[in-house]
Amino acid sequence: MAMIVAGIGTSHVPSIGAVVDSGRQNTPEWKPLFDAYEPVRTWLSDERKVDAVIVIYNDHACDFSFSKYPTFAVGAASEYAIADEGFGVRPLPPVKGDLDLSAHICRHLVYEEEFDITICKEMAVEHGLLVPMDLCFPQQGEWPVKVIPVQVNVLQHPIPTALRCFKLGAALRRAVESYDRDVNVAVMGTGGMSHQLHGERFGHLNSDFDNWFLDKIESDPQAICGMTHFDLMEQAGAEAVELIMWLTMRGAMTPDAQRIHRNYYAPMTTGMGLITMQDAA
Amino acid sequence: MVDQLKPGKSIKDTYVFDLKMSERGMRINRLAEWLNGAENREAFKSDMDAVMDRFELTGEEKKLILDNDWLNLVKAGGNIYNVVRIAAIFDVGLYPLGAQQLGMSYEEFLETRNEKGAT
């Protein structure tokens, strides 16, 4: 039987991908970020023995366009191309999918959970998915785990509510637990933390909020589920509303899941957060 | 219905990208999304007017792009991630783009950051 063996909340700041591509992980400015992920990688590969990861991310008008922008989209392919986000294609191998598990998740969500997702047979993936992979499951010629991409509209309002994202996580858990093959699955919620990139409020950071969020995602996610998009944007910046995707990860874990790792670093315009969890023994 | 965006209330200096903004910015956003390909970027660099005509940009929208007026491109409905794509054509990165929105020089903006080397 398949199991959820790990939950991860992590930022997906695009400059991290550029640092990886240019090998600057050990510079004084970046070392505090990358060092925090070293024990996480070992934990995921050696202890939790992750085979596949469901990545909850948003497409930044890259493979999808605002002309047609799915609220929830799930990949159902054996491979996902690396997208050109407007700056060239990063030198990465294509992401490997798990077609059978993806197909099961799609069937379960539609037939059992009333999550009528958009199903994508083709999807090019971008920094929203790739940066968390760089940090947690780095490629060395190929990626070490298979990926089920779950794309969420967090850009063009109306976007799904925080509570709906949490419920999607619970539905994903039931989907995984009803899959009859032995697969160790991690769920990764990506984005944030506080940041605003547009308007005269550019550069808005709120580290107090970010640390509150890290506390609550662990111990009281309902406190976040109750927030409106307006509240989240007012506190953490307009682009930080994407933090609702961390709730999908949390919804996939048991209420008493334990936090294993936690980190926070806010060097420039975005709070870069990390949390990992596993179900209580 | 709980309106997630609290009608009548606004966040200072913030232009939430809702369906009204998306409608306003449709021409700008379509052009920017088309820049997700090397050949298209080259075509845009070699003849900006032709590409802007093809996407039916208004005279005002064209001027905002040619003037690199990022803040007003946002106000005209350009989603920030698409404005970043257009700025990249002019070799303007996210942080200089942000500094301009704040009315600061890039150097002044960096001084406001915790670790200004992390660009």
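Structure first, text after, so check above.
Residues numbered from 1 in each chain as written. Chains lettered and ligands numbered in written order. Predicted model: local features only at pLDDT ≥ 70, side-chain atom pairs only at ≥ 80, totals over all residues. Heavy atoms only, no water.

### Description of the overall build of chain B
Turning to step 1, where the next piece is worked out: Helix and strand counts for chain B stand at nine helices and zero strands.
Turning to step 2, where the next piece is worked out: Helices and strands in chain B line up, N terminus first, as α-α-α-α-α-α-α-α-α.
Turning to step 3, where the next piece is worked out: The dimensions of chain B, computed from C-alpha atoms along their principal axes, are 45 × 40 × 25 Å.
Turning to step 4, where the next piece is worked out: Relative to its 119 residues, chain B shows a buried fraction of 46%.
Turning to step 5, where the next piece is worked out: Considering only intrachain contacts with a sequence separation of at least 6, the fraction spanning at least 24 residues in chain B is 49%. (Helix = DSSP H or I, 4+ residues; strand = E, 2+ residues; numbered from the N terminus. Buried < 20%, exposed > 50% of the residue type's maximum accessible area, 1.4 Å probe, protein only. Contact = heavy atoms within 4.5 Å.)

### Thoughts on unusual backbone geometry
Turning to step 1, where the next piece is worked out: Residue P158 of chain A follows H157 of chain A across a cis peptide bond; omega there is 10 degrees.
Turning to step 2, where the next piece is worked out: At the junction of G192 of chain A and M193 of chain A, the peptide bond is cis and its omega measures out at 0 degrees in the coordinates.
Turning to step 3, where the next piece is worked out: Structurally, the position occupied by M193 of chain A is in the loop between β9 (184-190) and α6 (207-219).
Turning to step 4, where the next piece is worked out: A positive phi is found at D13 of chain B, a non-glycine position, where the angle reads about 60 degrees.
Turning to step 5, where the next piece is worked out: Mapped onto the secondary structure, D13 of chain B falls in the segment before α1 (19-24).
Turning to step 6, where the next piece is worked out: Judged by its relative accessible area of 25%, D13 of chain B falls in the partly exposed class.
Turning to step 7, where the next piece is worked out: In this structure, D91 of chain B takes a positive phi of about 60 degrees despite not being glycine.

### Quick word on the sheet that holds strand β8 (residues 146-152) of chain A
Residues and elements named next belong to chain A.
Turning to step 1, where the next piece is worked out: As summarised here, the arrangement of the eight strands in space is β6-β3-β8-β2-β9-β1-β11-β10, forming an open sheet in which the pairing is mixed. The open sheet terminates on both sides in strands that have one partner only, identified here as β6 (118-120) and β10 (258-265). Going across the sheet, the axis of each strand differs from the next one's by a mean of 20 degrees, ignoring polarity.
Turning to step 2, where the next piece is worked out: In this structure, strand β2 (residues 52-57) lies alongside β9, joined through five bridges in parallel fashion. When the sheet's bridge partners are listed, V53 is paired in β9 with A186. (Pairing = 2+ DSSP bridges. Axes fitted to C-alpha atoms, helices over the stretch in contact; angles between N-to-C directions.)

### Comments concerning the pairing of strand β3 (residues 72-75) of chain A
Residue and element names in this part refer to chain A.
Turning to step 1, where the next piece is worked out: Both faces of β3 are covered, namely the face carrying F72 and V74 and the face carrying A73 and G75.
Turning to step 2, where the next piece is worked out: The sheet contact formed by β3 and β8 spans three bridges and is antiparallel. Bridge pairing in β8 places A73 opposite Q151.
Turning to step 3, where the next piece is worked out: Of the strand pairs in this sheet, β3 and β6 are connected by three bridges, and their pairing is parallel. The partner of A73 across the bridge, within β6, is T118.

### Quick notes on the interface of chain B and chain A
Turning to step 1, where the next piece is worked out: At the junction of the two partners, chain B supplies 49 residues and chain A supplies 44 residues.
Turning to step 2, where the next piece is worked out: For the chain B and chain A pair, buried surface summed over both sides reaches about 4000 Å², with 60% attributable to carbon and sulfur atoms.
Turning to step 3, where the next piece is worked out: When the area that chain B buries against chain A is broken down by residue, the three leading residues are Q4, I11 and Y81 of chain B, summing to 18%.
Turning to step 4, where the next piece is worked out: At the junction of chain B and chain A, the tally comes to three salt bridges. (Buried area = accessible area lost by both parts, 1.4 Å probe. Salt bridge = Lys/Arg side-chain N within 4 Å of Asp/Glu carboxyl O.)

### Focus on the sheet that holds strand β5 (residues 95-96) of chain A
Residues and elements named next belong to chain A.
Turning to step 1, where the next piece is worked out: Taken together, three strands build an open sheet; the order of strands is β5-β4-β7 and the sheet is mixed. For this open sheet the edge positions go to β5 and β7 (124-125), each flanked by a neighbour on one side alone.
Turning to step 2, where the next piece is worked out: Looking at chain direction, strand β4 (residues 79-82) and β5 are connected through two bridges and run antiparallel. Bridged to Y80 within β5 is V95.

### Some thoughts on the pattern of salt bridges
It is possible for side chains bearing opposite charge to pair when their charged atoms get close.
Residues and elements named next belong to chain A.
Turning to step 1, where the next piece is worked out: According to the stated counting rule, one finds 20 salt bridges over all chains in the structure shown.
Turning to step 2, where the next piece is worked out: Linking R90 and D21 is a salt bridge whose minimum nitrogen-to-oxygen distance equals 2.8 Å. Residue R90 is located in the loop between β4 and β5, and its partner D21 is located in helix α1 (residues 14-21); the two are separated by 69 residues in the primary sequence.
Turning to step 3, where the next piece is worked out: Residue D21 is classed as partly exposed on the basis of its relative accessible area of 37%.

### A few points about the packing of aromatic side chains
Turning to step 1, where the next piece is worked out: Counted under the stated rule, the structure contains 11 aromatic pairs over all chains.
Turning to step 2, where the next piece is worked out: When the centroid spacing of 4.9 Å and the interplanar angle of 55 degrees are considered together, the rings of F66 of chain A and Y69 of chain A count as tilted. Each member of the pair F66 of chain A and Y69 of chain A is classed as buried.
Turning to step 3, where the next piece is worked out: Note on Y95 of chain B and F109 of chain B: the rings are 6.4 Å apart at their centroids and 25 degrees apart in plane angle, and the pair reads as stacked. Placement of the pair is Y95 of chain B in helix α8 (residues 94-102) and F109 of chain B in helix α9 (residues 106-111), with a sequence separation of 14 residues. Judged on exposure class, the residue Y95 of chain B and its partner F109 of chain B are both buried.
Turning to step 4, where the next piece is worked out: Aromatic rings pair up to connect F209, W212, F213 and W246 of chain A into one cluster. (Phe/Tyr/Trp six-rings, centres within 6.5 Å; stacked < 30°, edge-to-face > 60°.)

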